Every structure is written in C-alpha cells, then in structure tokens.
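Here's the letter readout for the chains.
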There are 4 protein chains.
Amino acid sequence: MNWSFETDRPIYLQLKEQILRMIVSGVYPPGSKLPPVRDLAAEASVNPNTLQKALSELERDSLVYTQRTSGRYVTEDGNMIIKAKKELAVEQIELFIKKMAGIGYTVEETIALLEKTVKE
Amino acid sequence: MNWSFETDRPIYLQLKEQILRMIVSGVYPPGSKLPPVRDLAAEASVNPNTLQKALSELERDSLVYTQRTSGRYVTEDGNMIIKAKKELAVEQIELFIKKMAGIGYTVEETIALLEKTVKE
Amino acid sequence: MNWSFETDRPIYLQLKEQILRMIVSGVYPPGSKLPPVRDLAAEASVNPNTLQKALSELERDSLVYTQRTSGRYVTEDGNMIIKAKKELAVEQIELFIKKMAGIGYTVEETIALLEKTVKE
Amino acid sequence: MNWSFETDRPIYLQLKEQILRMIVSGVYPPGSKLPPVRDLAAEASVNPNTLQKALSELERDSLVYTQRTSGRYVTEDGNMIIKAKKELAVEQIELFIKKMAGIGYTVEETIALLEKTVKE
DNA sequence: GTGGTCTAGACCACC
DNA sequence: GTGGTCTAGACCACA
C-alpha cells in the first residue's frame, strides 16, 4: 500500500478514507482481521494515536468492530460495506465535479468530455 | 489561493499544476503578470528555487514567458491555454476513472452514478 | 576530459555543450553509460545540481535517457545524435563567422582565408 | 566592451587577444590613446598587473607604444596592424578547424557545411 | 550506489 | 526589485 497525504486535510480523515478504500475494494474482505494499529501506523509513518482515531471513526460507522483481546475486524455485514462504497463513490464524484469546475468545465461539458475520453 | 500538496509527488510538479489551474481558469488571464517568484514561493511556503523550477516548466510549455527584469507573464496565445486546459481536464478524468476503479466501479457504473448524482 | 568554462555564459549550458560534444564525437557512443552525476560533477568541479541541470536538458532533447537506479545512458537513436551533431556544427560555424566579422572579415574573405590556410 | 574569460588559459593572454581585437577592428584606431591601465583593469575586473602584462606583450609585438609621461598609444604603422589582424584571423581559423574536428568533422566537411550555412 | 528533489542562502545582470 | 544561476548539503526511493 502506498500511503499518501495532502497537506490541507486532517491526516486521520485521509487515513480513514484510505483504509475504507481498502475495505470496499476487498483488500480487507468482510470478517477479515486488520493488522495491529502499531503496524498500520508504522507502515503509514504516522503516530499510532492518529491511526487509532481513524479506526475509531470507521468503528463508529460500523465498518469495523473490535474484539477486545484479539484485534480489529472488518464487519461481516455486506450491506454496510456496499453502502460505504456508494458513499465513497459519491464523494469522489462530487470532488471530481468540483475540480473540473475549478478548471472551468460545467457539469455538462465534464460528462461530455468524460464519455469522449472513455471511447478513446 | 490555497496551496496544498500531496506527499507522493514532487512539489514542483504540483506547483506547476496548481499555477496552470489558475491560468486556465482565468485567475491569471492571458497577458497578465504573475506575482514575483519570491512572493509565490513565500505564499506556497516552498523554496524559491522549487517554484522557479515549476515556472520554468510552464515556460518550456509556452504557457508563460519571461521579461527578464520586469517579471513573468501569462502567454497571450489563447490557443496554448485552451490546449493546456483540455490536457488538464483529460488528466483529471483519467485520474478519476482510475480512482473509481480502485473502489470497484467499472467505467459504465461510474458514468451512470455520475449522471445520477448530478441530477440530484 | 578538459573542463573549461567561459565567464559569460551559464555553466550548465557549457556543461551541456561539452557533454554533447563528447556524445557526438563518440567518446560516449550510443547506448553507453554515462558516469554518475556526482562523478562528472566532481571531475568538472561543479555542484552536482548544476550538472544535473545540464543532463536534464540533454534528456529533454532526447539525447540521453535515465534508468532511475542504474544510471544515465546515451540514446541508441543514431538519428538524434546526427541531428545534434549538425546543430552543434552550425552553431560553431555561426559563432566563427561572427568572430571573424568582429575582427573585420567579411564572409567571403573568411572563406578565402580559410581555404588558403588549409592548403598550407 | 564585454570582458569574458575562459578558465583554462592564462588571463593575460586572453586580455591581450581581446585588446588586440579592439585594435584591429578599429575600436582603438592607429595613433589613438588607450585608456589608463587602471581603468582597463577595473573594467575587466582583473588585477592591474595582469593587464599590464597583456599590454607589455602588445608592446613587444609593436602594436602599442608607450609615451613615458602621457600614456599608451596604438601604433601608427598600419602594416603592423594589418599583419596582426591576419595573424589573429589565422589563429581563429585554426581554432575553428580544431573545434570542428573535435565534433567529428573533417576539413572538407567543415568547408562544405560552412558554405552551405552561409547561403542560407 | 543511482538519480531526483528540496532547502537555504548567496551573488549576478538588468532596468 | 526582477529573474537566473550556483553552491552546499540533506534526504528519499529504488534495486
């Protein structure tokens, strides 16, 4: 995994998003065990507390749950994951549209160019 | 302007992209003067040399030109800017598609969801 | 190699030219490996960054290419080299004519004297 | 005047050559007074002693002469100047041929390319 | 050990 | 005050 951060958003949110991405894309399938916080933190070169916070958020969203003595696991509830996946996608889309608007593209132009690009 | 950087790409390339974004979106219209290197560098909190490198690249791409003692200016050639704008957009689109694919969306699903999201 | 610089032109351009000269004259044949940046820099007694800049320009001109972890190599494309060789020669010629003009020789006189000198 | 030096030749010889160039090209016509050593040295940003040496050489070659109390003058002997001009030219030519050879051009190729370049 | 990037700080030419 | 160049020195990714 390639951990990358932007300087203008809280790191824990970005961590959350990137871990979420791994969950919905199946890197960590439903029910699987997540690596220990310390390992993840080391890999991402962030403070374990920061990563802790990211995981707590995921827990709050019912995407991971904690088994006191054995670690953290991805939820077995496929629906939750599907829902998260969709939210993540919508978020990406909104961000994308905003970025295109920043360049000077209207939504219609964006869709048109997107379809044209895909065909090539 | 909000200068933000990702940790996994050279800063000078990101600077180049963000300045380009301001040019194509009309923040710096064709023929207008760019702020002095040192000012931009201070604003983005990077070393002047790094920003210099970014601007040199833009100059190589004929998007800005230099008047040695008076400063840097956006090219008056609207076509160059339009071309750059399109390239930037296509780049964004490809990146977007890749990101959606990373979540698990095919191109068709992406377009469908995009259109649906836009309607709402 | 004898590294020599003039005081009135950027060193990195002179480095570029001198390395180019070695490429077109076969000191570094097509496909051969160039010495590491640091070695070349030490040899020419310039800062590695300055030499880096010179090599980047040669790379932009497609005369050398980089293999990130193993080093820089001269392009295998003989045509690029031939083209560069010709450009270098024309440059030399123009400079020569200009110098002769500075002494007070017209182009015709220059050619005449050149042919005469060669015969002797 | 633009004073420029190469790092691999004695500066006094380069000074000599550049002053000579000004004499043969008429910047300092026969019989005219040269600026004081100190002024020339300041202009070229070299030590007055170095410039002194250059002028002594020119004097030895009978191209300038010294009037003890009033300064240095260019010789009135037009023939000396013509001779020096020719020598300078031949020197340039030899240097030029050597440089072209360094790139990989034979004398014949050099002349051919020179004539072709001139026509364009 | 390789190239690549970045910072800090200096000096230069030009107007 | 403007851009341009250069140095010194550091750190990084990659293999």
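Residues numbered from 1 in each chain as written. Chains lettered and ligands numbered in written order. Predicted model: local features only at pLDDT ≥ 70, side-chain atom pairs only at ≥ 80, totals over all residues. Heavy atoms only, no water.

A. Main features of the protein's contact with DNA strand E. For DNA strand E, the set of nearby residues contains 19 residues, the closest of which are Ile11(B), Asn47(B), Asn49(B), Thr50(B) and Arg72(C). Near the protein, meaning within 4 Å, the atoms of DNA strand E are sugar or phosphate in a fraction of 65%, with bases accounting for the rest. Within the contact set of DNA strand E, a phosphate oxygen lies 3.1 Å away from a backbone nitrogen or oxygen of Val37(C). Take Arg68(C): an N or O atom from its main chain is 3.0 Å from a sugar or linking oxygen of DNA strand E. Taken together, the elements giving at least two residues each to the surface near DNA strand E come down to helix H1 (11-24) and helix H3 (48-60) of chain B together with helix H2 (37-44), helix H3 (48-60) and strand S2 (71-74) of chain C. Among the elements that make up the surface near DNA strand E, the one with the highest residue count is H3(B) (three residues). Considered class by class, the residues forming the surface near DNA strand E number six nonpolar, nine polar and four charged. (Near = heavy atom within 4 Å. Polar contact = N/O pair within 3.5 Å; in protein donor to acceptor, adjacent residues only side chain to side chain. Helix = DSSP H or I, 4+ residues; strand = E, 2+ residues; numbered from the N terminus. Nonpolar A, V, L, I, M, F, W, Y, C, P; charged D, E, K, R; others polar.)

B. Quick look at the relation of the copies chain D and chain C. Between chain D and chain C, which share one sequence, the superposing operator has a rotation angle of 180 degrees and an axial displacement of 0.0 Å; the RMSD is 0.3 Å. Accordingly, the operation relating the two chain copies is best matched by a two-fold axis. Using C-alpha coordinates, one finds that chain D approaches the rotation axis most closely at Glu6(D), a distance of 2.1 Å. In this assembly, 100% of the residues forming the interface of chain D have copies in chain C that are likewise at the interface, indicating an isologous arrangement. (Least-squares fit on C-alpha atoms with pLDDT ≥ 70 in both. Contact = heavy atoms within 4.5 Å.)

C. Here's a closer look at helix H2 (residues 37-44) of chain B. Residue and element names in this part refer to chain B. All buried positions along H2 are accounted for by Val 37, Leu 40, Ala 41 and Ala 44. The arc that holds every buried residue of H2, seen down its axis, measures 100 degrees, which confines them to one face. Facing away from the buried side of H2 by more than 90 degrees, the exposed set consists of Arg 38 and Ala 42. Buried residues along H2 sit against H1, H3 and strand S2 (71-74). Ser 45, located one to two residues past H2, shows a positive phi value of around 50 degrees. (Buried < 20%, exposed > 50% of the residue type's maximum accessible area, 1.4 Å probe, protein only. Arc of directions from axis to C-beta.)

D. The arrangement of the relation of the copies chain A and chain B in detail. For these two chains of identical sequence, chain A goes onto chain B by a turn of 180 degrees and a shift of 0.0 Å along the axis, with RMSD 0.3 Å. Take the interface residues of chain A: 100% of them recur as interface residues in chain B, which is what a same-surface contact looks like.

E. Spatial organisation of the interface of chain A and chain B. At the junction of the two partners, chain A supplies 34 residues and chain B supplies 34 residues. Buried surface at the junction of chain A and chain B, both sides included, amounts to about 3000 Å², of which 71% is carbon and sulfur. Interface area lost by chain A to chain B is led by Ile93(A), Ile103(A) and Leu114(A), which between them contribute 20%. For the pair chain A and chain B, the interface holds zero salt bridges. For the interface between chain A and chain B, the tally reads four residue pairs in polar contact (both at pLDDT 80 or more). Secondary structure elements with two or more residues in the side of chain A that touches chain B: helix H1 (11-24), helix H4 (78-103) and helix H5 (107-119) of chain A. A per-element tally of the side of chain A that touches chain B places H4(A) first, with 14 residues. (Buried area = accessible area lost by both parts, 1.4 Å probe. Salt bridge = Lys/Arg side-chain N within 4 Å of Asp/Glu carboxyl O.)

F. Structural context of the pattern of salt bridges. Summed over the entire model, instances satisfying the criterion amount to 32 salt bridges over all chains. The salt bridge involving Arg72(A) is made with Glu59(A); its shortest N-O contact spans 3.5 Å. Linking Arg72(A) in strand S2 (residues 71-74) with Glu59(A) in helix H3 (residues 48-60), this pair joins segments that are 13 residues apart in sequence. Owing to a relative accessible area of 29%, Glu59(A) belongs among the partly exposed residues under this scheme. When the shortest N-O distance is used, the salt bridge between Lys16(B) and Asp61(B) registers 3.1 Å. Linking Lys16(B) in helix H1 with Asp61(B) in the loop between H3 and strand S1 (64-67), this pair joins segments that are 45 residues apart in sequence. The buried category is assigned to Lys16(B), whose relative accessible area is 16%. By relative accessible area, which is 28% here, Asp61(B) ends up partly exposed. Look at the salt bridges and you will find they share partners, linking Glu6(A), Arg9(A), Glu17(A) and Arg21(A) into a network.

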